[in-house]
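Observations on the three-dimensional arrangement
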Amino acid sequence: MTATTVGPADGSGSGDTAAPAARPSAVTAKDLARSGAVRRRKSARLKIWIGSVGVALVVLPVALAGVLPIPGPDEQSLSLRRLPPLTGGHLFGTDQLGRDLLSRVLHGGQVSLTVGVLAIVVSGIIGLIAGAAAGFFGGWVDTVVSRLLEAQLSLPLLLMLLLVVALFGPSIPVITFVIAFAQWPEVARLTRSLVLVEREKPYVAAARVLGLHRITTLLRHVLPNVVKQASLVILLLLAQAVLLESALSYLGAGPQRPFATWGRIIADGQDYITTSWWLVTLPGLVIVLLVVGVNLLGDGLRDRARRRKGPQTEGKVSRA
C-alpha cells in the first residue's frame, strides 16, 4: 500500500506546512497614545517647558536689571508714594518712599539668587564629598557621616540658622554658608545611597583587581556615574535656598541695607498690605514663580532621566 503525500493546493509539490498569515495587531495608534509611558513622556516635557519659562521670566530680568530702562532701586520721590501698578510708568507701582517697586524686586533678586546659587554650589560640593566617602569606604567614615546627618536633621532648621546668623553677623558670606550647611545632608544622603549601589558593580571590582587606588576609583569611575542624578537634587535645592534667604531677610537676619532682598521688600510693605496690596503681593508672586518653575524643571528632568535609564537597564538584563 502506497502512502500518498498531500501537498498544498497550488500544486507545488512541497510537503511543508505553510506559515500562518500574520494577524493584525489589536493595539492601535490611539491605544499607544493613551499608554502610561507616552503620558509620562508628555508630562515630563510639559514640566520642563513650563518650568523653563517660569525660571526664565524671573532670572533673565534679574540678570539684566542693570541695563533695563528702569529707575534705580534707591531713587526716592515722596510725591510718588504708593502708586498702583501700571501708573506713571511704573509697571509694579511704587513703595512707601516712592521707589520703583519693579527695580527693587529685580535688584533684590540679584542678591537673593546670588546667595541661593552660591549656597547650592557649596552644599553640593560638601554633600557629594561626604556622601561619596561614606558610601564607598564604609566603616568609621560611614558612621561619622551618618551620625552628623542624624544630628543635623534633628535640629530645628530655621532656629539654627537664626542662631548662627546672630553669632556671626548677617553678611552675605555668612548667610551663604549657613544655608549651604543646612542643605548638605540631603545631597549627602542621596549620594551615599547611589554610591552604595555603584560600588557593588563589576567595574569597581575590576578596578580593584587592576590595582587602582580606592580614591582613584572613587573619583574617576564612581562619582561620574552618580553626579548627574545628584545634580538634579542640587537644582531642586535652589528653590529651598531662595526661600530660606527670603525667610531670613523677612525676619531681619538677612543681608543688611543697602541690599534690597525679596524678604526685606515684603517685610517693609507688610504694614500697608490693606491699602497697598502690590507691595507684598507682587514680590511674593515673583518668589512663587521662581520656586514653582525650579521645582517643575527639576521634576521634569528627573522623570526624563528615569525614563532613559529604564530601557538601558532592560537591555543589559536581556543581553545577560
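Anyway, here's the lowdown on the structure attached to this text. (Residues numbered from 1 in each chain as written. Predicted model: local features only at pLDDT ≥ 70, side-chain atom pairs only at ≥ 80, totals over all residues. Heavy atoms only, no water.)

1. Brief notes about the environment of Leu-68
What counts, and what does not: Elements are defined by DSSP. Helices are runs of H or I of four residues or more, strands are runs of E of two residues or more, and each kind is numbered from the N terminus. Throughout, exposure labels follow a simple rule: accessible area from a 1.4 Å probe, protein chains only, divided by the maximum for the residue type, with under 20% read as buried, over 50% as exposed, and the rest as partly exposed. Any pair of residues with heavy atoms lying within 4.5 Å of one another is described as a contacting pair.
Of note, Leu-68 is situated in the loop between α2 (36–63) and α3 (101–137). Since its relative accessible area comes to 31%, Leu-68 is described here as partly exposed. For the pair Leu-68 and Ser-103, spaced 35 residues apart in sequence, the C-alpha separation works out to 9.2 Å. Setting aside chain neighbours within four positions, we find Leu-68 in contact with Pro-61 and Leu-106.

2. Thoughts on the packing of aromatic side chains
Where we set the bar: Ring geometry is summarised as follows: Phe, Tyr and Trp rings, the Trp one being its six-membered ring, pair when their centres sit within 6.5 Å, and such pairs are stacked at plane angles under 30 degrees, edge-to-face over 60 and tilted between the two.
Overall, the coordinates contain 2 aromatic pairs when judged by the stated rule. Ring centres of Phe-136 and Phe-137 lie 5.4 Å apart, and the angle between their planes is 85 degrees; on these two criteria the pair is classed as edge-to-face. Overall, the relative accessible area of 5% leaves Phe-136 in the buried class. A relative accessible area of 29% means that Phe-137 is categorised as partly exposed. With a centroid separation of 5.8 Å and an interplanar angle of 85 degrees, the aromatic rings of Trp-277 and Trp-278 are classed as edge-to-face.

3. Brief notes about the side chain of Thr-261
Summarising the element assignment, Thr-261 is placed in the loop between α8 (214–250) and α9 (262–269). Setting aside its immediate chain neighbours within four residues, Thr-261 contacts Gly-108, Val-111, Ser-112, Glu-245, Ser-249 and Pro-255.

4. Observations regarding the packing of helix α5 (residues 157–168) against helix α6 (residues 172–198)
Packed helix pairs are specified by the crossing angle of their axes together with the interaxial distance, meaning the distance between the axes. The criterion, for reference: The angle between two axes is taken between their N-to-C directions and runs from 0 to 180 degrees, where each axis is a line fitted to C-alpha atoms and a helix contributes only its stretch in contact. Angles below 35 degrees are treated as roughly parallel, those above 145 as roughly antiparallel, those between 65 and 115 as roughly perpendicular, and all remaining angles as oblique. Definitions for this section: a left-handed crossing has its near helix turned counterclockwise from the far helix by less than a right angle. A right-handed crossing has that turn clockwise. Under the grouping applied here, Gly and all other residues not named as nonpolar or charged are polar, the nonpolar ones being Ala, Val, Leu, Ile, Met, Phe, Trp, Tyr, Cys and Pro and the charged ones Asp, Glu, Lys and Arg.
In contact at an axis separation of 10 Å, α5 and α6 are set at 150 degrees when each is read in the N-to-C sense. Classed by the angle they form, the pair α5 and α6 counts as roughly antiparallel. In the packing of α5 onto α6, the handedness of the crossing is right-handed. Within the contact between the two elements, α5 uses Leu-157, Met-160, Leu-161, Val-164, Val-165 and Phe-168 and α6 uses Val-174, Ile-175, Val-178, Phe-181 and Ala-182. Of the residues in the contact of α5 with α6, the class split is 11 nonpolar, no polar and no charged.

5. Considerations on unusual backbone geometry
Working note: non-glycine residues mostly have negative phi, and peptide bonds are mostly trans. Phi angles above zero are rare outside glycine, and Arg-82 is one such case at about 50 degrees. With respect to the helices and strands, the residue Arg-82 is situated in the loop between α2 and α3. Among the residues examined, Arg-82 registers a relative accessible area of 29% and is labelled partly exposed. Backbone geometry places Leu-86, a non-glycine residue, at a positive phi of 60 degrees. Its place among the elements puts Leu-86 in the loop between α2 and α3.

6. Overview of the nonpolar core
The test is simple: By nonpolar core we mean a set of buried residues, namely Ala, Val, Leu, Ile, Met, Phe, Trp, Tyr and Cys, connected to one another through side-chain atoms within 4.5 Å.
Judged by nonpolar contacts, the single largest core of 45 residues is most densely connected at Phe-92, Leu-101, Val-105, Leu-161, Ile-179, Trp-262 and Leu-290. Residue assignment for this core shows that the elements contributing at least two residues are α2, α3, α5, α6, α8, α9 and α10 (278–319). Those residues in contact with Leu-101 that lie beyond four places of it in its chain are Phe-92, Gly-93, Thr-94, Ile-265, Trp-278, Leu-279, Leu-282 and Pro-283. Core analysis: the next-biggest nonpolar cluster, separate from the first, contains 8 residues, Phe-136, Leu-194, Leu-218 and Val-222 among them.

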